[in-house]
Amino acid sequence: MSTYSQMFPPKPVFTEKDIPILSGKVFLVTGGYSGVGLEVCRALYHKGGRVIIAGRSESSYTAAVEEIRGNCGDRLTVDLSTPGSLEFLCIDLADLTTIKPAVEKMLENVKRLDVVWYNAGVMVPPAGSKTKQGYELQWGTNVVGHFLLHKLLCPLLTATAAGSEAGTVRAIFVSSIMHTYSPKPYGIDFDSISRDNEKASKMAIWNLYSQSKAGDVLLADEYAKRSVALAPVSNEDPAKKKPHVVSISLNPGNLKTNLQRHSTGNKIKEFLVSMILHEQSLGGLTELYAGLAPETADYNGGYVVPFGRKGSVVSYVKKGLTSEGTGAKLWEILEEEVKDFA
Ligand SMILES: NC(=O)c1ccc[n+]([C@@H]2O[C@H](COP(=O)([O-])OP(=O)(O)OC[C@H]3O[C@@H](n4cnc5c(N)ncnc54)[C@H](OP(=O)(O)O)[C@@H]3O)[C@@H](O)[C@H]2O)c1
């Protein structure tokens, strides 16, 4: 899939009209109170889903509720016997201590999880920015925080998949076209990802963003393998596995959102960049396609590109996954890193 085609994609084929009524289903979206995540939540809510918005600012959540309820978008109006619902899960992905208590509380009244979008992200913050535990901010937020959250949600996802139609329970890891600029040879410089890392402090900030987005690709790929292995065995036929969770990574598209909040200052550059950015609702469709389209049910381990098409990961990152086991290596490192918070 060429860079050009991802930057200037064709019109989406899968739109809100193609989303079925979602009553009875439960969804979680990190960073769901702004940008692309908000568009995903808007569609899920107006189709009757129970939507959990995970983020660190309750006031941003409250503002988003008003925005989502008040504006269904003209293509979404449907008659629902059970209306959608919205709730807040207060977690700061840049502080690992906040994640487990929030998930444990959530699990008291959430008994299924149909699709989770690991959508929150930070891009090019001031150099030297770190998470509470000392990770480079982009790596810590985009990868480590999401990994811990995912680890805590895995049992619920697996249990939901066991009792659901095959391919409908999914974990979506939001990456970026920028993963194609991640460090060579395989996307992750494993010497740069620990806490208070000296090497990371000397790497270019864009390089670190790209590396974090390659990290999201690796997590999706490794979870795709693990979820098949983790699927429970069928009672009727012990030789058969019950449906597993489908794991997909994606590039939502280049979009007008708050993500560029840290990369402002040069007006000419800002103008030029704005020329290649699309409406955030189109990025929402990319994410909705990955999470809900019938055809992506069999796309475990795949990669979706704007605005809802099957694509492929850049070849050197793919090579690392297939011949160097980079996904498994990252997973094992992160297991160790988050063990005191899980
Ligand atoms: N926009 C693009 O052109 C583009 C292109 C490729 C990929 N992406 C990816 O798309 C995803 C969504 O980005 P967006 O464009 O919608 O940007 P956005 O509007 O800035 O949304 C990012 C969301 O992440 C949340 N977030 C950041 N740090 C967090 C933390 N420590 N804990 C919890 N939540 C946190 C933000 O919440 P706060 O407001 O509280 O910070 C915000 O809700 C990101 O993963 C991004 O990398 C975007």
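You'll find the structure just up there.
Please read these numbers as outputs of a predicted model, since none were measured by experiment. (Residues numbered from 1 in each chain as written. Predicted model: local features only at pLDDT ≥ 70, side-chain atom pairs only at ≥ 80, totals over all residues. Heavy atoms only, no water.)

1. Digging into the overall build of the chain
Assigned secondary structure in the chain consists of 11 helices and eight strands. Referenced to the eigenvectors of the C-alpha coordinate spread, the extents of the chain come out at roughly 55 × 50 × 40 Å. Buried positions account for 56% of the 342 residues belonging to the chain. Excluding contacts between residues fewer than 6 apart, the proportion of contacts in the chain whose partners are at least 24 apart in sequence is 79%. Here the chain carries 37 positive and 36 negative side-chain charges, and the mean point of each set is 2 Å from the other. (Helix = DSSP H or I, 4+ residues; strand = E, 2+ residues; numbered from the N terminus. Buried < 20%, exposed > 50% of the residue type's maximum accessible area, 1.4 Å probe, protein only. Contact = heavy atoms within 4.5 Å. Lys, Arg positive; Asp, Glu negative; His and termini not counted. Charge placed at Lys NZ, Arg CZ, Asp CG, Glu CD.)

2. Side note on the sheet that holds strand β5 (residues 170-174)
Strand order in the open sheet formed by eight strands is β3-β2-β1-β4-β5-β6-β7-β8, and the pairing between neighbours is mixed. Where the open sheet ends on each side, the last strands, each with one partner, are β3 (85-90) and β8 (309-311). Within this sheet the neighbouring strands show an average axis-to-axis angle of 25 degrees, counted without direction. Where strand β6 (residues 246-250) lies against strand β7 (residues 303-305), two bridges are found, and the strand directions are parallel. Note on β7: the bridge partner recorded for Ser 249 is Tyr 303. Helix α3 (residues 58-70) contacts β2 (50-55) and β3 of the sheet and is inclined by roughly 165 degrees relative to β3. Helix α4 (residues 99-107) rests against β1 (26-30), β2 and β3 of the sheet, and its axis sits at about 145 degrees to β3. (Pairing = 2+ DSSP bridges. Axes fitted to C-alpha atoms, helices over the stretch in contact; angles between N-to-C directions.)

3. Examining the site of the ligand
Around the ligand, the structure places 29 residues, and the nearest of them are Tyr 33, Arg 56, Tyr 209, Leu 255 and Thr 257. At a separation of 2.9 Å, an oxygen atom of the ligand approaches a polar side-chain atom of Lys 213. Contact between the ligand and Thr 257: an oxygen atom at 2.6 Å from a side-chain N or O atom of the residue. When the ligand is considered free in solution it has 880 Å² of accessible area, and contact with the protein chains removes 95% of it. Among the secondary structure elements, those contributing two or more residues to the shell around the ligand are α2 (35-46) and α7 (205-230). Tallied by class, the residues present in the shell around the ligand amount to 11 nonpolar, 14 polar and four charged. (Near = heavy atom within 4 Å. Polar contact = N/O pair within 3.5 Å; in protein donor to acceptor, adjacent residues only side chain to side chain. Areas by Shrake-Rupley, 256 points an atom, 1.4 Å probe, with all protein chains shown as cover. Nonpolar A, V, L, I, M, F, W, Y, C, P; charged D, E, K, R; others polar.)

4. Overview of the pairing of β6
Burial within β6 is extensive, with five of its five residues counted as buried. Side-chain alternation along β6 places Val 246, Ile 248 and Leu 250 on one buried face and Ser 247 and Ser 249 on a second face that is also buried. The pairing of β5 with β6 spans five bridges and is parallel. Its bridge partner lying in β6, Ile 172 is registered against Ile 248.

5. What to know about the side chain of Glu 222
By secondary structure assignment, the location of Glu 222 is in helix α7. Leave out the neighbours within four places in its chain, and Glu 222 touches Gly 327, Ala 328 and Trp 331.

6. Details of the pairing of β1
Burial analysis of β1 places five of its five residues in the buried class, which makes it a mostly covered element. Both faces of β1 are covered, namely the face carrying Val 26, Leu 28 and Thr 30 and the face carrying Phe 27 and Val 29. With five bridges connecting them, β1 and β2 associate as parallel partners. By the bridge assignment for β2, Leu 28 is matched with Ile 52. Where the polypeptide runs from β1 across α2 and back to β2, its parallel neighbour, the crossover connection is right-handed. Both β1 and strand β4 (residues 115-118) contribute to a ladder of three bridges, which runs parallel. (Right-handed = clockwise from strand over helix to strand, strands pointing away.)

7. Focus: empty space enclosed by the protein
Counted by the stated rule, this structure contains one cavity of 30 Å³ or more. Roughly 40 Å³ of internal volume is contained in the largest cavity. Forming the walls of the largest cavity are Val 217, Asp 221, Ser 249, Gly 301, Gly 302, Val 313, Lys 318 and Leu 321. Those elements that provide at least two residues to the lining of the largest cavity are α7 and α10 (315-323). Classifying every residue of the lining of the largest cavity by side-chain character gives three nonpolar, three polar and two charged. (1 Å grid on protein atoms, 1.4 Å probe; cavity = no way out; pocket = protein on both sides within 12 Å on 5 of 7 lines; lining within 4 Å. Points joined across faces, edges and corners; volume = space filled by probe spheres on them.)

8. Considering the packing of aromatic side chains
Summed over all chains, the structure comprises eight aromatic pairs. Taking 4.9 Å as the distance between ring centres and 85 degrees as the angle between the ring planes, the aromatic pair formed by Phe 147 and Trp 331 counts as edge-to-face. One end of the pair, Phe 147, is in helix α5 (residues 137-162); the other, Trp 331, is in helix α11 (residues 326-338), and 184 residues separate them in sequence. Since its relative accessible area comes to 1%, Phe 147 is described here as buried. Since its relative accessible area comes to 5%, Trp 331 is described here as buried. A cation sits over an aromatic face here: Lys 184 above Tyr 316, 4.8 Å from the ring centre. Cation over ring: Lys 310 sits above Tyr 299, and NZ or CZ is 4.8 Å from the ring centre. (Phe/Tyr/Trp six-rings, centres within 6.5 Å; stacked < 30°, edge-to-face > 60°. Lys NZ or Arg CZ within 6 Å of the ring centre and 35° of its normal.)

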